[in-house]
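Tertiary structure, described
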Amino acid sequence: MDLYYHPLSTFSQKVLMALYEKNIAFNPKIVNLRNPEKRAEYLKIYPLGKIPFLVCDDDRKVPESSIIIEYLDTHYDSNPQLIPTDKDRSRQVRCTDRMCDFYLTEQIIILFFASFKPEAERNQDAIEKAKFRINVMYEQMDKDLENRTWVMGEELTMADCAFMPGLFYAQDIAPFSDHANIVAYWERLSLRPSCQKIINEVKPLLENFKKTG
Ligand SMILES: N[C@@H](CCC(=O)N[C@@H](CS)C(=O)NCC(=O)O)C(=O)O
């Protein structure tokens, strides 16, 4: 199957983590959405132009990071199971994943792109709202992680895949150093081979992106 993605993209990293954790092989198709020609080519594959996007061998198309992970969980017999089969646990994991996407990852992306703009051109309202949401998420996460190894408990789930990219980018732009349980969690999470693989690939690209904007 083909995975359309970019190593710098947070939602792509979420899916990469699931693929690496489950040890599922895929054809990497890196999409550079900043290049107008490449973007136009990609729009023919996925008209909304969002990444990640999975095209399966039977030509089934799967958009949206959480839905791709659900597809991997239900179509591949490989552990870990990232969305529990128990209905209540499943709802809790999907809820945390969604909260993370909307109120942490997307807010961190807002701060990340704002950081490249001159102060006067930044949307201060959006920045304040983003900081507020990130802080609410950190407070909740720090409480949740008090007695847990992973964000939902002792099993790694899709929610951990969702938190990984945001926390990676947050280190510079929305530090969580005041939240000891998140710091300890990030240490555990970032040391997983799946995360190391993603971080090692993204670090040089990120340094370059910061220089060139
Ligand atoms: N809800 C989507 C969000 C995907 C998304 O926003 N991806 C970003 C990259 S991290 C993207 O495609 N941005 C390009 C654009 O919006 O044109 C998911 O979970 O996959």
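This text goes with the structure placed above it.
To keep things clear, this report deals only with the structure shown in the data block. The numbering scheme is per chain: residues are counted from 1 as the chain's sequence reads. Reporting in this predicted model follows two pLDDT cut-offs: at least 70 for local features of residues, and 80 or more for side-chain atom pairs to be given and counted; totals over whole chains, interfaces and linings ignore these cut-offs and use all residues.

**What to know about the overall build of the protein**
Each helix corresponds to a stretch of at least 4 residues labelled H or I by DSSP, and each strand to a stretch of at least 2 residues labelled E; elements are numbered beginning at the N terminus. Check the secondary structure of the protein and you find eight helices and four strands. In the protein, the succession of helices and strands from N to C terminus is β-α-β-α-β-β-α-α-α-α-α-α. All radius of gyration figures rest on C-alpha atoms, and the globule criterion is 2.2 Å times the number of residues raised to 0.38. Taken over C-alpha atoms, the radius of gyration comes to 17 Å for the protein, in line with the 17 Å a tight globule of 213 residues would show. Oriented by its inertia axes, the alpha-carbon framework of the protein measures out at about 45 × 45 × 30 Å.

**Remarks on the site of the ligand**
Whether a residue is near a molecule or strand depends on its C-beta atom, placed from the backbone, lying within 6 Å of it. The ligand sits among Ser9, Thr10, Phe11, Leu33, Gly49, Lys50, Ile51, Pro52, Glu64, Ser65, Ser66 and Asp101. When residues of the shell around the ligand are traced back to their parent elements, those giving at least two are α1 (10-22) and α3 (65-75).

**Re the sheet that holds strand β2 (residues 27-30)**
Strand order in the open sheet made by the four strands is β2-β1-β3-β4, with mixed pairing throughout. Looking at which strands have only one partner, the edges of the open sheet turn out to be β2 and β4 (61-63). For this sheet, the mean angle separating the axes of adjacent strands, direction not counted, is 20 degrees. Here a strand pair is declared whenever DSSP counts at least two bridges between the two strands. Bridge analysis of strand β3 (residues 53-55) against β4 gives three bridges, and the strand direction is antiparallel. Across the sheet, the residue bridging to Phe53 is Pro63, located in β4. Lines fitted to the C-alpha atoms define the axes, with helices restricted to the stretch that makes contact. Angles between their N-to-C directions range from 0 to 180 degrees.

**Some points on the nonpolar core**
Ranked by internal contacts, the top residues of the largest apolar core, which has 51 residues, are Val15, Ala18, Ile69, Met158, Cys161 and Met164. Top element by residues in this core is helix α6 (residues 158-173). It accounts for nine residues. When residues of this core are assigned to domains, at least three map to each of domain 1 (2-75) and domain 2 (87-212). Whether two residues are in contact depends on their C-beta atoms, placed from the backbone: they are in contact if these lie within 7 Å. Leaving out residues up to four positions away in the same chain, Ala18 has contacts with Ile69, Leu72, Leu82, Met158 and Cys161. The term nonpolar core refers to a set of buried Ala, Val, Leu, Ile, Met, Phe, Trp, Tyr and Cys residues connected through C-beta atoms within 7 Å. Around each residue's C-beta, the other C-beta atoms within 10 Å are counted; 20 or more make the residue buried, 12 or fewer make it exposed, and counts in between make it partly exposed. All C-beta atoms are placed from the backbone. Residue ranges labeled as domains rest on an automatic or database domain assignment.

**Focus: the environment of Trp186**
The residue Trp186 is located in helix α7 (residues 180-190) in this model. Residue classification places Trp186 among the buried positions, given that 21 C-beta atoms sit within 10 Å. Considered as a pair, Trp186 and Phe176 are ten residues apart in the sequence and their alpha carbons are 9.7 Å apart.

**What about the pairing of β2?**
Sheet topology note: the strand β1 (residues 2-5)/β2 ladder contains four bridges and is parallel. Paired with Leu3 across the two strands is Pro28, which belongs to β2. By convention, orient the strands away from the viewer: a clockwise path from the first strand over the helix to the second makes the crossover right-handed. Crossover handedness for the path β1 to α1 to β2: right-handed.

**Observations concerning the environment of Glu21**
Its location among the elements puts Glu21 in helix α1. The spatial distance from the C-alpha of Glu21 to the C-alpha of Cys195 is 8.9 Å, given a sequence separation of 174 residues. Once residues within four sequence positions are removed from consideration, Glu21 is found in contact with Pro80, Leu156 and Ser194.

Any functional reading would require information that these geometric values do not contain.
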